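Report on the structure
Okay, here's what each chain looks like letter by letter:
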Amino acid sequence: MNPNRYLVFGFQSSGKTTFAAALWHLVDSREVQTALAKGKHVGDFRYLEEIARSWCEGWQVERTKMQQVEEIKINLQHPGSGAELVLEFADLSGETFEKAFATRLCPPAFVDLVKDASGLLLFVSADRFLDDVTILDAFAGEEAEQSVPEDDQGDKTPWDPAKTPLQVQIVDLLQALRFAPFVKRPFKVAVIVSAWDLAEETSADSWLAMKMPLLEQYLRNADAAAEVRVYGVSAQGGQLSKKGEAPGPDRDRLLALDRPSERIEIVGTDVRDHDLTGPLLWLSGLDKRA
Amino acid sequence: MTDQKTLCQNAECQVATTGKCHLGHDPVERCPNYARDDIVPDNADVVAEPTTERVAPVEICSGDVMHLEDLATLARTTPVRVVALVGDQRAGKTTLIASIYAMYCKGPFAGMAFAGSRTLVGFAKRHHLALLNSGRADPTTPRTSRDEPVAFFHLALSGAVGPPVHLVFSDRSGEAYGDARIVTDLIQNLPELLQADRVCFLLDGAKLASKDQRPAYSRQFKQMIHALLDNGALVNVKAVEVLSTKFDLTKRGDAEEQLRYLDAYERTLIAEFNARGLTECYRVCALPKADQSVGFLGLDEAIKRWTAAPPRPELGPESIADAPRQIDRMLAKATTGDAA
């Protein structure tokens, strides 16, 4: 098992691919100082180059197609200790997780990825649709209408897994990792709250507690995670549009920056400005080495 | 109507018109590019890798409700507290379970934090008709069919100290309990009662509030408790309680009269079953749709009762009646408080 192989976990539009694109530009360009620096340039970087180009040009990074399990491999080194490491993670499509929740089936490749992983990068987005509002919450304070009595069979509307609140789906799948076929022991979990520029909370920890309380409780109280840290990340730095569409509202501002790496914003424990390698350093455990 | 584009991802393939795969796959369904844009049925491949062969998907844990054998498996490795919810059809058993789950979706509740559940999918299925995205204007809970076997819901809750408490709620259709009340031989078909540490009898506040239904229902409710007690179904049970549900309905209409009747009926229950361990009745409102000012009532106290540390076992010697030794007779007086 590669001690620095991480499972990237996140549903659709949770920011996984944008994070990878920004990370690649960050370490490859060496524009700003990072906790982990790029090591030898040896490998197949076609996928990283493809997504990083979109990122550099100020377009939304196209999400991973469902058919793809993109292997990302970056040689890094830790200047503090001189240690070299190979960061490996698989950029799985969000549909993979959604299908797994709905069908209770997953591709064998995913099982292997989980077993090989030494840590988890869990992506959730601050740019999210509120999917857990109850009818009572929505109409709180309004005079209740007389309920229409249901017949003895009740409402037979079938359950739609896709409408299950996202935090419930995430917790359910994280729990599934503890059982066969994964049987995964607790590992470090770095929660990445993407689109952080849209969040109103002052810290990523409070965002998670406020917006995804079930997930926050689970990560803090269950024995699923050995350690948890929560980071807020704006990997593209603002609102962008898809290539081919009218430019996003922040594109000109972001392109005007001399050093594109400075588009990146990150908040959390022990991170420096723009440095996406902070969570990876923590996951690797190298932060504890001299 | 299926067009060329959705039938095959390969732009050069003419399968839509010729029926033959451009890559020579026969049958065409074996081609990884074929029908890729269609909706994938439940049991189909979840992800097709970019290879020429489809790989069989792997099954993961269901996340749905547990059944008896699942409970036995869990109980072998984890200390569980089983709370059996007993009540007639539409008394509010499933709604109570769904509401407790919904509380933890919003954050820690009743001094406890969510620490996991083997049955999150089961919970989600019971709660989906209370969500705004269900398209309903009026929240409800799916009915539990009498054809369904007893189901168990698991909830691990973590307090300030100590290991998590693993609560397990049983749920089955009210018709099954109604049948067993009338034909007591059927009580043996209620195995959840033998597994239960605590039995909660759900008193349907709506039926009790109705002057039409009240006379028969109040008799039948007591009959249910008698039936289970008299047939030994509660021999392993450590605690028995009554939960009066739908308190929001009790507060509507002639609220004063309804509350008076409820108070009196609860006193009757305690008097009749006090010797059998029933010491208190509680009131809950798990879905305050009739009167939102009532709010979610009694759920936090219920969770606190169900997760409270069990009383420590008495380790001292048991008193002996009519003991021949003077010292034992003195001990017996001291432990029973009998000064006579």
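Okay, so let's go over this structure. Because the structure is a prediction, the values reported are computed rather than measured.

Now for the overall build of chain A. When you go through chain A residue by residue, the secondary structure sums to 10 helices and nine strands. In summary, chain A has a C-alpha radius of gyration of 20 Å against a globular reference of 19 Å for 290 residues, a match within 12%. Relative to its full complement of 290 residues, chain A shows a buried share of 47%. Contacts in chain A between residues far apart in sequence, at least 24 positions, make up 79% of those at least 6 positions apart.

What follows deals with the overall build of chain B. If you tally the helices and strands in chain B, you get 13 helices and eight strands. By residue count, 39% of the 340 residues in chain B fall in the buried class.

A few words now on the nonpolar core. By size, the foremost hydrophobic cluster in this structure holds 158 residues, and its most contacted members are Leu121(A), Leu122(A), Val191(A), Ile192(A), Val193(A), Tyr231(A) and Val83(B). Discounting residues that sit within four places of it in the chain, Ile192(A) has contacts with Gly15(A), Phe19(A), Leu121(A), Leu122(A), Phe123(A), Tyr231(A), Val233(A) and Pro279(A).

Take the packing of helix H1 (residues 16-29) of chain A against helix H2 (residues 46-56) of chain A next. All names here are of chain A. Relative orientation of the contacting elements H1 and H2 amounts to 90°, with a least axis distance of 8 Å. Taken as axis vectors, H1 and H2 run roughly perpendicular relative to one another. Only Leu48, Ile51, Ala52, Ser54, Trp55 and Cys56 of H2 make contact with H1, whose side of the interface consists of Thr17, Thr18, Ala20, Ala21, Ala22, Trp24 and His25. Here the contact of H1 with H2 is built from residues that sort into nine nonpolar, four polar and no charged.

Listed per partner, the contact involves 48 residues of chain A and 48 residues of chain B. When contributions to the side of chain A that touches chain B are tallied by element, the ones reaching two or more residues are helix H3 (94-103), strand S5 (105-106), helix H4 (108-116), helix H5 (135-138), helix H6 (166-176) and helix H8 (213-221) of chain A. Considered class by class, the residues forming the side of chain A that touches chain B number 27 nonpolar, 13 polar and eight charged. With two bridges joining them, S5(A) and strand S1 (residues 58-59) of chain B adopt antiparallel strand pairing. From the neighbouring strand, Leu105(A) faces S1(B), where its bridge partner is Glu59(B).

Of note, the amide linkage connecting Ala180(A) to Pro181(A) takes the cis form, showing an omega dihedral of 5°. With respect to the element layout, Pro181(A) can be found in the loop between H6 and strand S7 (187-194). Positive phi values are uncommon outside glycine, yet Ala195(A) reaches one of about 55°. Structurally, the position occupied by Ala195(A) is in the loop between S7 and helix H7 (204-211). A residue is classified by how many C-beta atoms lie within 10 Å of it, and Ala195(A), with 22 of them, is buried. Look at Arg90(B): it is not a glycine, yet its phi comes out positive at around 65°. Relative to the helices and strands, Arg90(B) is located in the loop between strand S2 (80-86) and helix H4 (93-105).

Okay, the packing of H3(A) against H6(A) next. Two packed helices can be described by the angle between their axes and the distance between those axes. All names here are of chain A. Orientation of H3 relative to H6, taken along the N-to-C sense of each, is 80°, at an axis distance of 10 Å. Judged by the angle between their axes, H3 and H6 are roughly perpendicular. On the side of H3, the interface is formed by Phe97, Ala100 and Phe101, while H6 contributes Gln169, Asp172 and Leu173. Of the residues in the contact of H3 with H6, the class split is four nonpolar, one polar and one charged.

What follows covers helix H6 (residues 174-182) of chain B. An α-helical turn contains 3.6 residues, so any two residues separated by three or four positions project in the same direction. Residue and element names in this part refer to chain B. For H6, the complete set of buried residues consists of Gly174, Ala176, Tyr177, Ala180 and Arg181. Down the axis, H6 shows its buried residues gathered within 160° of arc, on one side only. As for H6, its buried residues are in contact with S2 and helix H9 (214-230).

Thresholds, definitions, all that
Within each chain, residue numbers correspond to sequence positions counted from 1 in written order. Numbering of ligands from 1 and lettering of chains from A proceed in the order in which they are written. Given that this is a predicted model, residues contribute local features only at a pLDDT of at least 70 and side-chain atom pairs are listed and counted only at 80 or more, while totals for whole chains, interfaces and linings are drawn from all residues. Secondary structure counts use DSSP, requiring at least four H or I residues in a row for a helix and at least two E residues in a row for a strand, with both numbered from the N terminus. The atom set for the radius of gyration is the C-alpha atoms, and the globule formula is 2.2 Å times the number of residues raised to the power 0.38. Residue burial here comes from a neighbour count, namely the number of other C-beta atoms, placed from the backbone, that lie within 10 Å of the residue's own C-beta, with 20 or more meaning buried, 12 or fewer meaning exposed, and in between meaning partly exposed. What counts as a contact is two residues whose backbone-derived C-beta atoms lie within 7 Å of each other. Definition of nonpolar core: a set of buried Ala, Val, Leu, Ile, Met, Phe, Trp, Tyr and Cys residues joined via C-beta atoms within 7 Å. Lines are fitted to the C-alpha atoms to define the axes, a helix being fitted only along its stretch in contact, and any angle between axes, read from their N-to-C directions, falls within 0 to 180 degrees. For classification purposes, angles smaller than 35 degrees are called roughly parallel, those larger than 145 roughly antiparallel, those between 65 and 115 roughly perpendicular, and all remaining angles oblique. Each residue gets one of three labels, nonpolar for Ala, Val, Leu, Ile, Met, Phe, Trp, Tyr, Cys and Pro, charged for Asp, Glu, Lys and Arg, and polar for the others, Gly among them. A pair of strands counts as paired when DSSP detects no fewer than two bridges linking them. Here, the arc refers to the directions that run from the helix axis to the C-beta atoms.

So yeah, pure geometry; function would need other evidence.
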